[in-house]
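# Per-entry structural report
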Amino acid sequence: MDGNCVIIGHNRYSTAGKKKSGINCVQPFVVYTAMGTVAIAHNGELVDAKQKRKEVLHEGVGLSTDTDSELIAQMIAKAIALNVKCQYGQDIGDITRELAVTMSALNMSYSLLVMTFDRLYAIRDPFGNRPLCVGTVLSPDGNPEAFIASSESCAFPANAKFEFEVKPGEIVELSKKGIKSVWQMKPNTPLAMCIFEYVYFARNDSEIEGQQVQSVREECGKTMALEDDLEADIVGNVPDSSLSAAIGYAAQSGIIYEPVLHRNSYVGRSFIQPNDLMRQNAIKLKFGVLKKKVQNQRIVLVDDSIVRGNTMRTLVKMLKDAGAKEVHLRIASPPVKFPCFMGINIPTNLELIAAHKTIPEICEYVGADSVRYLSVDGLVSSVQKGIERVANFSPGHCTACLTGKYPVSIDL
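Per an unreviewed UniProt entry, the recorded name for the protein is Amidophosphoribosyltransferase, and the organism is Caenorhabditis tropicalis. In its Sequence similarities (unreviewed entry) section, UniProt records this for the protein: "In the C-terminal section; belongs to the purine/pyrimidine phosphoribosyltransferase family." According to the UniProt record, the Pathway (unreviewed entry) comment for the protein reads "Purine metabolism; IMP biosynthesis via de novo pathway; N(1)-(5-phospho-D-ribosyl)glycinamide from 5-phospho-alpha-D-ribose 1-diphosphate: step 1/2."

Here it is in structure tokens:
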């Protein structure tokens, strides 16, 4: 670790901006500042992006896109320019103060990686809305070889050691000198960690808030079974993120688990495709029915969520066409009724089936014999059951897409 080699990457499309699918919106964003090149990768979405954009433009800063990620990059560049005179004689790559100034001007939601020529900063908003963690990559003899930061610990290589999650409001610096916390804003009370990370986004082997996502999803399945009173022959699931909930439901209910659908591993997640046509095409390619498992069976089909209803309607028909006697949907989260303005690609409620249909109407639409959701209280209790309490922090989760109660006012 004698030299400096810093790498930054990003693997998801933007959720903000009218032209978010444009090639110029691809992250990381790179800006040229008074102290050299700075690159950022952003997970989340600024709820007050429109107002901040007006402020930045009125200050004479030009923007090449309408995404909030570029807006953050330009705000960092501005803070660097205003403080450049104070940097003479200082550590050239250190922009801790400039990042702290930028953080104080931002609202939720963001987890950021910011790269200078010789170091990487991991930054999390004071609400802790999006996950972020850091680790150490070890050499074959067990010595530190590099340092790494990611939204999820599952992205760490096999030879990496998980160190800790970035605290809400914290700036962590990663350089050849090691990992150190260089700034801590007062966290918001209560916190507003996105509960949908547990429902769908996070991978099972990731660690969030001190607990494995797999364990939380199993607990959701158990809680759902306790809230249910269904008689059936087998419990199946929609692969892959709902497997843990199905295992939990089967364990609690005593109904045997059997796989009923095969997922094509070479097709990506249909939910995060940027438009409906791409989502529909992905669904058709994604699943196949295990016919011998479903014939003449009363099936409890577990899924993590129903957002638009496109996938579920197709799957129920596929199962019944294959000979299933009954298909009962059990959803390991409450109905998604409200838009998300903090990083999930649900900008309006127009496409949300639960926003416009009652549960009986949803049941009729998807062609199931019954539909039942996990309650909001059941989800929250399942998530918070295993959280390691952090000193001076009040655990809390954003349930806005489920309840309509947003942690901050929204700039529409």
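### Quick word on the sheet that holds strand β17 (residues 326-331)
Read from one edge to the other, the open sheet built from four strands follows the order β13-β16-β17-β18, with strand pairing classed as parallel. The two strands at the open ends of the sheet, each matched to only one other strand, are β13 (234-237) and β18 (370-373). Along the sheet, successive strands turn relative to each other by an average axial angle of 25 degrees, direction set aside. The pairing of β13 with strand β16 (residues 298-303) spans four bridges and is parallel. When the sheet's bridge partners are listed, Gly236 is paired in β16 with Leu301.

### Digging into the pairing of strand β9 (residues 178-184)
It is a general feature of regular strands that their side chains alternate between the two faces of the sheet. Relative to β9, strand β8 (residues 170-175) runs antiparallel, the two sharing six bridges. Opposite Ile171, over in β9, you have Trp183 as the bridge partner. Between β8 and the antiparallel strand that follows it, β9, lie two residues.

### Some remarks on the nonpolar core
The biggest cluster of nonpolar side chains holds 46 residues, and the ones touching the most others in it are Phe196, Val235 and Leu379. Among the elements of the structure, β10 (193-194), α4 (196-201), α5 (213-226), α6 (243-253), β16, α12 (376-384) and α13 (400-403) are those that each provide at least two residues to this core. Here this core spans two domains, since at least three of its residues come from each of domain 1 (23-188) and domain 2 (208-379). Filtering out sequence-adjacent residues up to four positions away, Leu379 remains in contact with Ile195, Val199, Cys220, Ala332, Pro334, Leu374 and Leu402. Listed in part, the 28 residues of the second largest apolar core include Val56, Ile95, Leu99 and Met103.

Criteria and cut-off values
- Residues numbered from 1 in each chain as written.
- Predicted model: local features only at pLDDT ≥ 70, side-chain atom pairs only at ≥ 80, totals over all residues.
- Heavy atoms only, no water.
- UniProt positions renumbered as here; feature names shortened; annotations may be inferred.
- Pairing = 2+ DSSP bridges.
- Helix = DSSP H or I, 4+ residues; strand = E, 2+ residues; numbered from the N terminus.
- Axes fitted to C-alpha atoms, helices over the stretch in contact; angles between N-to-C directions.
- Core = buried A, V, L, I, M, F, W, Y, C linked by side-chain atoms within 4.5 Å.
- Buried < 20%, exposed > 50% of the residue type's maximum accessible area, 1.4 Å probe, protein only.
- Domains from an automatic or database assignment.
- Contact = heavy atoms within 4.5 Å.

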